[in-house]
Amino acid sequence: MVGQYGPPNPPYGIYNPYGVAGMMSPPEGFQPEHFPPEAFQPRLHQLQTCDETRPMCDRCRKGKRDCVWPESSSSKSDRGSSKSKRSTEDGSDTSQSDSESELAPIADDDELDAEEESEIPSAVSEGKSRFAEDQAPTTLEPPSSATKPPRLAQGRSGAKQTTRDDITQHPKWAELPSFIKFYLKYHRQHLSYPHYAWKYDGGNFLKTTFLEIALNYEPLLYAVVAYAAYHHALNRPEGKVKDFLDTYNRSVSALRRSLEKGEKHNISTLLTILQLATIEEFLGDWVNLLSHQRAAYQIITDLFTPQTITQSETHRKIIGWYMRFDLFAANLGGGATAMGREWFKACADFYKRQVRDRPGDKGAIIEDFFGTARLLAIDTSQLFTGKAAGHAGDVEFKHGTEDIASRMQGFRTAIEGAFTDSSFYVKSFPNAPPFDPNVDIIDYHDPAFCYAGDLHAMNSVKIDHWAIQMLFYRHLAQIPAMAHLVPPTAELQELAYKKCKMLEAVRYSDHAPPGAVIGLQASLGMAALALHQDSKHVDWFRNRFALIERSGYIYPKTLRVRMKEFWGVDVSHWWLENNEGFPDVLRQLREFIDFRAGEVYSIQAKDTDVRDMAGIFSKMSMDNESDRQSDGHEDVDRMWLDRGEMYESSPDEHLFG
């Protein structure tokens, strides 16, 4: 299904995973130690023509790559026969390039070779260096290509991996450069699914199978390392972004080479694009994210159908990951998803069958809740957009709203009856400050509210349920004939307060995974618009937005400018006054992001809608001086109607993910 994107834009030779700005030169005044030139210029010189030296050209010799010359049809046939024989012998997919089984060096010109060799400490070159857990490497080493590890068989049905609890036992581990080992360990030990804005990761995919696939595919390996370096820098007082920018550039360069050579797309390619999309999301570059989302859509629909996508755990992780970005683009741009309802329905049906097959399994129940939430939310959205477009008559629309209301009530009943034992909840918050009514807008010290441990994901399920209700009633409020069905404003605000309460409870819980607050950042957008605009509420939200950015999720400048207009307080540069709590590493990243965003993008109208968040702010009234001067209580009803378009400020806007 193409949706509103029109005919697919094939990524083959066209998809540029770094965007137009990635090919620009750095602006004047940037410090080299902050922004190495390669961070802005993917190494296009690697794609220059061959110097025609035989039997191996100079570029391929320096890059330690196979040098392939134009062949006659007969020689091609011979090579094909040879590949077929090899495939039969080792069971691998012969369409894969060697880059999937070998980390070929990225640099292939004299200057870069000399530069990297000069940076590598001799101890590292001899394989004797080891980094402490809390000490990042200061230089990057070129990867070793001395031996070729066994390649993974990855065909149309996906990758066949066996997960390991310890990636250091992988046969390729000993070959890896020290800096890659360091950041892979950091990823394994310190990052969790909320760092990817996921709501649940049953089976620990991101710490096991995902890393195994990365170890066998260079572009994905560097993307994972870059993401780990990104979070590592943000969690250090003197963090630097050089390692992140360098490894991100290496990933992009390797992926572009793969795409431009026309190599067959597979699970590894797809996961690389999704990892790069996550990086773009966390950088706040939502236009570049959209480019990744489109490419991922084309590959998924090439490789799978709604029926086959649920046949393996890896495939189900991929489709769940992709759905976040698809719904993100649709919500921000105010349009439809590229992927049709049948994909969401297939996933929801699979998880319902899983609950039947595994009665009492907590993970199966949680997955079923998320599948139900996604389907319920997309049906709600399609019902109202269909009505607005004139595709649904009054009778059909009435039946549709009744169906949604009934399913919404059933969803609530299922959630409330799933895990009722008091031992499932966080009982105390020993590291939390006491409730201060002069500063706090909600008291989260509730022993029967926030789930703990392996049921932590149920907190996101509850937030999804509250957000579905707010989404449903927001839509009803915009239809005069249905406005009488909307609950009183106080009830809607109670839902917003619950979301704030959950954010704080998770923040101070000792029983939540690392980065848990990042996973709940989507709660802030809708709540900020549904509640009062007095100084107490505004200050509370400003501090929470700042917390989320310091944790690694950078909001786009467009959002900050819009919130400045909404609150009447200048947060266009930073959420707090006098740059309070604005770390230097975040400044470096912001400068890089602003530079890229300031360059000229060749983007479609749909991309412009995403950049400007047309789907969020299209009905948001900015003429609210009277609201700012009051305590926010008089005009809440009008605020709900005029500004309700801003659901959430992330891909989870409609609770998907």
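Residues numbered from 1 in each chain as written. Predicted model: local features only at pLDDT ≥ 70, side-chain atom pairs only at ≥ 80, totals over all residues. Heavy atoms only, no water.

Within an unreviewed UniProt entry, the label attached to the protein reads Zn(2)-C6 fungal-type domain-containing protein, and the organism entered is Cryoendolithus antarcticus.

**Thoughts on the overall build of the protein**
Along the protein, the regular secondary structure elements total 25 helices and two strands. Sorting the 657 residues of the protein into buried and exposed places 58% on the buried side. The long-range share in the protein, meaning contacts at least 24 apart out of those at least 6 apart in sequence, stands at 76%. Accessible area for the protein stands at about 26500 Å²; split by element, carbon and sulfur atoms hold 50% of it. (Helix = DSSP H or I, 4+ residues; strand = E, 2+ residues; numbered from the N terminus. Buried < 20%, exposed > 50% of the residue type's maximum accessible area, 1.4 Å probe, protein only. Contact = heavy atoms within 4.5 Å. Areas by Shrake-Rupley, 256 points an atom, 1.4 Å probe, with all protein chains shown as cover.)

**Digging into the pattern of salt bridges**
Under the criterion given, the structure shown has 26 salt bridges. The closest approach of N and O atoms between Asp454 and Lys362, which form a salt bridge, is 3.7 Å. Of this pair, Asp454 sits in the loop between helix H14 (394–418) and helix H15 (457–477) while Lys362 sits in helix H13 (residues 362–388), placing them 92 residues apart in sequence. Residue Asp454 is classed as exposed on the basis of its relative accessible area, which comes to 53%. Of the charged contacts, one joins Arg407 and Asp379 as a salt bridge, the two residues approaching to 3.0 Å between their closest N and O atoms. Placement of Arg407 in helix H14 and of Asp379 in helix H13 is noted, with a sequence separation of 28 residues between them. A relative accessible area of 27% places Arg407 in the partly exposed class. Through salt bridges that share partners, Asp201, Glu313, Arg316 and Lys317 make up one connected network. (Salt bridge = Lys/Arg side-chain N within 4 Å of Asp/Glu carboxyl O.)

**Quick look at unusual backbone geometry**
Non-glycine residue Asn204 carries a positive phi angle of around 55°. Tracing the chain through its elements places Asn204 in the loop between helix H5 (178–190) and helix H6 (209–214). Judged by relative accessible area, which is 39%, Asn204 ranks as partly exposed. Even without a glycine there, the phi angle at Asn579 is positive, about 60°. Along the polypeptide, Asn579 turns up in the loop between helix H20 (557–567) and helix H21 (584–598).

**Thoughts on the side chain of Ser572**
Topologically, Ser572 is positioned in the loop between H20 and H21. In this structure Ser572 comes out as buried when scored by relative accessible area, which is 17%. Separated by 2.7 Å, the side chains of Ser572 and Asp570 make a polar contact. (Polar contact = N/O pair within 3.5 Å; in protein donor to acceptor, adjacent residues only side chain to side chain.)

**Things to note about the side chain of His170**
With respect to the helices and strands, His170 occurs in the loop between strand E2 (158–159) and H5. A polar atom in the side chain of His170 sits 3.4 Å from the side chain of Asn216.

**Observations regarding helix H8 (residues 242–260)**
If you check H8, its first and last C-alpha atoms are 27 Å apart, about what 19 residues at 1.5 Å a residue would give, namely 27 Å. Among the 19 residues that make up H8, 17 are buried, leaving the element largely enclosed by the rest of the structure. Where H8 terminates, the next one or two residues include Gly262, which has phi positive at roughly 75°. (Expected span 1.5 Å × (residues − 1).)

**Quick look at the packing of aromatic side chains**
A complete count under the given rule lists 33 aromatic pairs for this structure. An angle of 85° between the planes, with centres 5.9 Å apart, marks the rings of Phe419 and Phe424 as edge-to-face. Residue class for Phe419 comes out buried when judged on its relative accessible area of 5%. When the ring centre of Phe449 is taken as origin, the NZ or CZ atom of Lys462, which lies over that ring, is 4.6 Å away. Above the face of the Phe449 ring, Lys501 is positioned so that its terminal group lies 4.3 Å from the ring centre. (Phe/Tyr/Trp six-rings, centres within 6.5 Å; stacked < 30°, edge-to-face > 60°. Lys NZ or Arg CZ within 6 Å of the ring centre and 35° of its normal.)

**A look at the packing of H8 against helix H9 (residues 267–283)**
As a packed pair, H8 and H9 sit with axes 11 Å apart at the nearest point and diverge in direction by 140°. When the interaxial angle is binned, H8 and H9 end up oblique. Where H8 crosses over H9, the two elements pack in a sense that is left-handed. Every residue of H9 that contacts H8 at Phe244, Tyr248, Ser251, Val252, Leu255 and Leu259 is listed here: Thr269, Thr272, Ile273, Leu276, Ile279, Glu280 and Leu283. A breakdown of the residues in the contact of H8 with H9 according to their chemical character gives nine nonpolar, three polar and one charged. (Axes fitted to C-alpha atoms, helices over the stretch in contact; angles between N-to-C directions. Parallel < 35°, antiparallel > 145°, perpendicular 65-115°, else oblique. Left-handed = near helix turned anticlockwise from the far one by under 90°. Nonpolar A, V, L, I, M, F, W, Y, C, P; charged D, E, K, R; others polar.)

**Overview of the nonpolar core**
Counting 166 residues, the largest nonpolar core has Leu184, Phe210, Phe244, Phe541, Trp567 and Trp575 as its most contacted members. Here the element with the most residues in this core is helix H7 (residues 218–234); it accounts for 13 residues. Sequence-distant contacts of Phe244, that is, excluding residues within four places in its chain, are made with Ala226, Ala229, Tyr230, Ile279, Leu283 and Leu589. (Core = buried A, V, L, I, M, F, W, Y, C linked by side-chain atoms within 4.5 Å.)

**Here's the deal with the packing of H7 against H8**
Think of two packed helices as two axes; the pair is described by the angle between the axes and how far apart they sit. Put simply, H7 and H8 touch, their axes get as near as 8 Å, and they point 160° apart. Judged on the interaxial angle alone, H8 and H7 are roughly antiparallel. Classified by chirality, the crossing of H8 by H7 is left-handed. Residues Glu218, Pro219, Tyr222, Ala223, Val225, Ala226, Ala229 and Tyr230 of H7 lie in contact with H8, whose contacting residues are Asp243, Phe244, Thr247, Tyr248, Arg250, Ser251, Ala254, Leu255 and Arg257.

**Overview of the environment of Arg596**
For Arg596, the position within the fold is in helix H21. The exposure class of Arg596 is buried, given its relative accessible area of 1%. For the pair Arg596 and Asn288, spaced 308 residues apart in sequence, the C-alpha to C-alpha distance is 10.0 Å.

**Some thoughts on the environment of Asp166**
Within the fold, Asp166 resides in the loop between E2 and H5. With a relative accessible area of 35%, Asp166 lands in the partly exposed category. Between the C-alpha atoms of Asp166 and Lys207, which are 41 residues apart in sequence, the distance is 9.1 Å. Only 2.5 Å separates the side chain of Asp166 from the side chain of Thr168, close enough to count as a polar contact.

**Thoughts on helix H12 (residues 341–357)**
Taking 1.5 Å as the rise per residue, H12 with 17 residues should run 24 Å; its terminal C-alpha atoms sit 24 Å apart, in good agreement. Within H12, burial applies to Trp343, Phe344, Ala346, Cys347, Ala348, Phe350, Tyr351 and Gln354.

**Comments concerning a negative patch on the surface**
Side chains of Glu238, Asp584, Glu591 and Asp594 sit close together on the surface and give a patch of like negative charge. You can see Glu238 is positioned in the loop between H7 and H8. (Patch = residues over 30% accessible without salt bridge, like charges linked within 9 Å, V, L, I, M, F, W, Y side chains within 5 Å. Lys, Arg positive; Asp, Glu negative; His and termini not counted. Charge placed at Lys NZ, Arg CZ, Asp CG, Glu CD.)

**Overview of the environment of Leu283**
The topology assignment puts Leu283 in helix H9. Measuring from C-alpha to C-alpha, the distance between Leu283 and Tyr553 comes to 6.8 Å, with 270 residues separating the pair along the chain. Dropping the residues within four chain positions of it, Leu283 is found in contact with Tyr230, Phe244, Ile554, Leu589, Ile593 and Arg596.

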